[in-house]
Amino acid sequence: MIPVTVLTGFLGSGKTTLLNRLLSEPDLAGTVAIINEFGEIGLDHLLVEVTQERLALLDNGCVCCTVRDDLVETLKTLEARHVAEGLPPVTRVILETTGLADPAPILHALMVEPDLAQRYRIDGVVTTVDVVNGADTLTRHPEARKQAAVADLIVVTKTDLAPLNEIEAAVAAINPMARRLAVMDGQARLADVLGLSSGTQWAEEAAQAVEHDHACTDPHCGHHHSPHSSDIASYAFVVEEPVAWADFRQWLDYFAALKGADLLRVKGLVHIAEEPERPLVIHGVQHIFHPPRRLEAWPSDDRRTRLVFIVRNMEREMIARTLSKFARLAPQGIRSAAA
Ligand SMILES: Nc1nc2c(ncn2[C@@H]2O[C@H](COP(=O)(O)OP(=O)(O)OP(=O)(O)O)[C@@H](O)[C@H]2O)c(=O)[nH]1
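Bear in mind that the values here come from a model prediction, so they are computed numbers and not experimental data.

S.K.: Please set out helix H7 (residues 142–149) residue by residue, giving values where relevant.
M.R.: For H7, a buried count of 6 out of 8 residues is recorded, marking the element as mostly surrounded by other parts of the structure. Turning to H7, its buried residues number three or more, namely Ala-144, Arg-145, Lys-146, Gln-147, Ala-148 and Ala-149.

Structure representation (structure tokens):
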């Protein structure tokens, strides 16, 4: 499976700068960049400093509408094109969205188009926010909030221009569980930006959030709401008992059908009763769930199901209550935290 990194972030937040930096790494020689440009005259592809065969351009509009077919076609024919033209095999794809794009339809295309779902896997969503305009942008633009909410990694850019405090707080209020990285001129290490969706990271995020919540006795600690977070919340759940897959699946289907539009992201590592040695990695964006992936083994001794929900206008009690009902679990066996 070819890993795909979705690189998103609001207009001018530093996506292309980061992309250039990554593409210049010798280890990414087999990486192809796909750029979605919006508007009559696209410029971004002129700013990306790689040879043309490592670049594909989607220039029919915004990924959320017409360009989706373009994206599917580009990815479907990418490998064949490389073989036909005698180019090195494609080992990785980085897809840069327009600054105004909602990343969800891109993730959907990767998850549900059969030809793509068999060949490509989402390696992670990386969202850039800049230290100067970022906090204001997050307050004013729902697109930017959504880009931050679905991120596995938030790259705070332009750190030479202002202190980090304000943007850190704004980002943490929207997606406290995403990893964070502060960079100047896109200078990030590959290891920090790639390989984000192994399931292990998500599991750790969830466990840490829940454990922190339960251990913390400081009444002033965390979880406060800021103007940036009025509609979006992150919840983590740790489930002590294994779950029957059919019950768990039914619960996910129920959620997707009923609350799809407000499920910005669901990710987790699930202990399935039928196959206790091999956890399932689940990954959902709004009403669509990726076919679950089974890991060969547990990444650590912790074998509890761990889930992360990033949602809009949803109470965590409702998630815990329905999980307990569908999966026939005692409510006290589900520990949760608002992160
Ligand atoms: N001072 C400073 N400027 C930066 C940094 N990173 C990027 N920039 C500048 O910010 C501007 C926007 O950066 P881009 O990388 O083009 O941002 P983008 O998100 O690709 O922009 P769009 O494609 O328009 O959405 C450019 O002029 C960059 O040179 C940084 O760390 N410090």
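S.K.: Kindly report on the UniProt feature "domain: CobW C-terminal" (unreviewed entry) in the protein chain, identifying the contributing residues and their values.
M.R.: Using the residue numbers shown here, the UniProt feature "domain: CobW C-terminal" (unreviewed entry) corresponds to residues 232–327. Between the first and last C-alpha atoms of residues 232–327 the distance is 26 Å; the span itself is 27% helix and 35% strand.

S.K.: Please provide a residue-by-residue account of the site of the ligand, values included.
M.R.: The local shell around the ligand holds 15 residues, among which Lys-15, Thr-16, Thr-17, Asp-160 and Asp-185 are the closest. In this structure, Thr-17 approaches the ligand through a side-chain N or O atom, which is 2.5 Å from an oxygen atom. Among the elements that line the shell around the ligand, the one with the most residues is helix H1 (residues 15–23), at 3 residues. Of the residues contributing to the shell around the ligand, the split by class is 4 nonpolar, 5 polar and 6 charged.

S.K.: Any chance you could break down the nonpolar core for me, citing the residues and the numbers?
M.R.: Among the nonpolar cores identified, the biggest contains 50 residues, and Leu-75, Val-93, Leu-110, Tyr-120, Leu-138, Ile-154 and Ile-167 are the most heavily contacted of them. The greatest single-element share of this core, amounting to 6 residues, is contributed by helix H4 (residues 104–112). The residue makeup of this core includes at least three contributed by each of domain 1 (2–193) and domain 2 (200–338). Ala-233, Tyr-235, Phe-255 and Leu-263 belong to the second largest nonpolar core, which has 28 residues in total.

S.K.: Explain the environment of Ile-106 to me, and be specific about the residues and the numbers.
M.R.: For Ile-106, the location among the structural elements is in helix H4. Linking Ile-106 and Val-72, residues 34 residues apart in sequence, is a C-alpha distance of 9.3 Å.

S.K.: If you had to explain the side chain of Ser-13 to someone new, which residues and values would you point to?
M.R.: Inspection of the secondary structure puts Ser-13 in the loop between strand E1 (2–9) and H1. Look at Ser-13 and you get buried, because its relative accessible area is 3%. Beyond its immediate sequence surroundings of up to four residues, Ser-13 is in contact with Thr-128, Val-129, Asp-130, Thr-157 and Lys-158.

S.K.: Could you give me a rundown of the pattern of salt bridges, with the residues and numbers involved?
M.R.: Enumeration over the complete set of coordinates arrives at 23 salt bridges. Taking the shortest distance from any N to any O, the salt bridge between Glu-275 and Arg-294 comes out at 3.2 Å. Here Arg-294 lies in strand E12 (residues 293–294) and Glu-275 lies in the loop between strand E9 (263–270) and strand E10 (280–285), a separation of 19 residues in the sequence.

S.K.: Account for the side chain of Thr-305, with residues named and values stated.
M.R.: Here Thr-305 shows up in strand E13 (residues 305–312). Side-chain polar atoms of Thr-305 contact the backbone nitrogen of His-271, separated by 2.7 Å. Ignoring sequence-local partners within four residues, the contact set of Thr-305 consists of Phe-237, Val-238, Val-239, Leu-269, Val-270 and His-271.

S.K.: Quick rundown of H4? Include the residues and the values.
M.R.: Note: α-helices contain 3.6 residues per turn, so residues at a spacing of three or four share the same orientation. With 8 of 9 residues buried, H4 lies mostly within the body of the structure. Restricting attention to buried positions, one finds in H4 the residues Ala-104, Pro-105, Ile-106, Leu-107, His-108, Ala-109, Leu-110 and Met-111.

S.K.: Lay out the confidence of the model for the protein chain in plain terms, naming residues and giving numbers.
M.R.: Across the protein chain, pLDDT averages 82, with 82% of residues at or above 70. Here helix H2 (residues 44–47) stands out as the element of the protein chain with the lowest mean pLDDT, 51, in contrast to strand E6 (residues 153–157), whose mean of 97 is the highest. Below a pLDDT of 50 lies the segment residues 60–65, which in the model reaches 16 contacts outside its immediate sequence neighbourhood of four places, other chains included. When the criterion is pLDDT under 50, residues 219–229 qualifies, and its contacts beyond four places in sequence or with other chains add up to 14 contacts. Both scores are given for the predicted complex: the pTM is 0.77, the ipTM 0.98.

S.K.: Please set out the packing of aromatic side chains residue by residue, giving values where relevant.
M.R.: With the rule as written, the count across this model stands at 8 aromatic pairs. Taken together, Phe-237, Trp-245, Phe-248, Trp-251, Tyr-254, Phe-255, Phe-309 and Phe-326 form an aromatic cluster joined through their ring pairs.

S.K.: Could you give me a rundown of the domain arrangement of the protein chain, with the residues and numbers involved?
M.R.: You'll often see interface size given as the accessible area lost when the parts meet. On domain assignment, one finds that the protein chain holds domain 1 (2–193) and domain 2 (200–338). Opposite the 26 residues of domain 1 that make contact, domain 2 presents 26 residues. Counting each side, the surface lost to burial between domain 1 and domain 2 is near 2100 Å², with a carbon and sulfur contribution of 63%. Contact with domain 2 buries surface across domain 1, with His-108, Met-111 and Met-177 losing the most and accounting together for 31% of the total. At the boundary of domain 1 and domain 2, one finds 2 salt bridges. For Lys-267, the salt bridge is made with Asp-152, and the minimal N-O distance between the two is 2.8 Å.

Criteria and cut-off values
- Residues numbered from 1 in each chain as written.
- Predicted model: local features only at pLDDT ≥ 70, side-chain atom pairs only at ≥ 80, totals over all residues.
- Heavy atoms only, no water.
- Buried < 20%, exposed > 50% of the residue type's maximum accessible area, 1.4 Å probe, protein only.
- Helix = DSSP H or I, 4+ residues; strand = E, 2+ residues; numbered from the N terminus.
- UniProt positions renumbered as here; feature names shortened; annotations may be inferred.
- Near = heavy atom within 4 Å.
- Polar contact = N/O pair within 3.5 Å; in protein donor to acceptor, adjacent residues only side chain to side chain.
- Nonpolar A, V, L, I, M, F, W, Y, C, P; charged D, E, K, R; others polar.
- Core = buried A, V, L, I, M, F, W, Y, C linked by side-chain atoms within 4.5 Å.
- Domains from an automatic or database assignment.
- Contact = heavy atoms within 4.5 Å.
- Salt bridge = Lys/Arg side-chain N within 4 Å of Asp/Glu carboxyl O.
- pLDDT = per-residue confidence, 0-100.
- Phe/Tyr/Trp six-rings, centres within 6.5 Å; stacked < 30°, edge-to-face > 60°.
- Buried area = accessible area lost by both parts, 1.4 Å probe.

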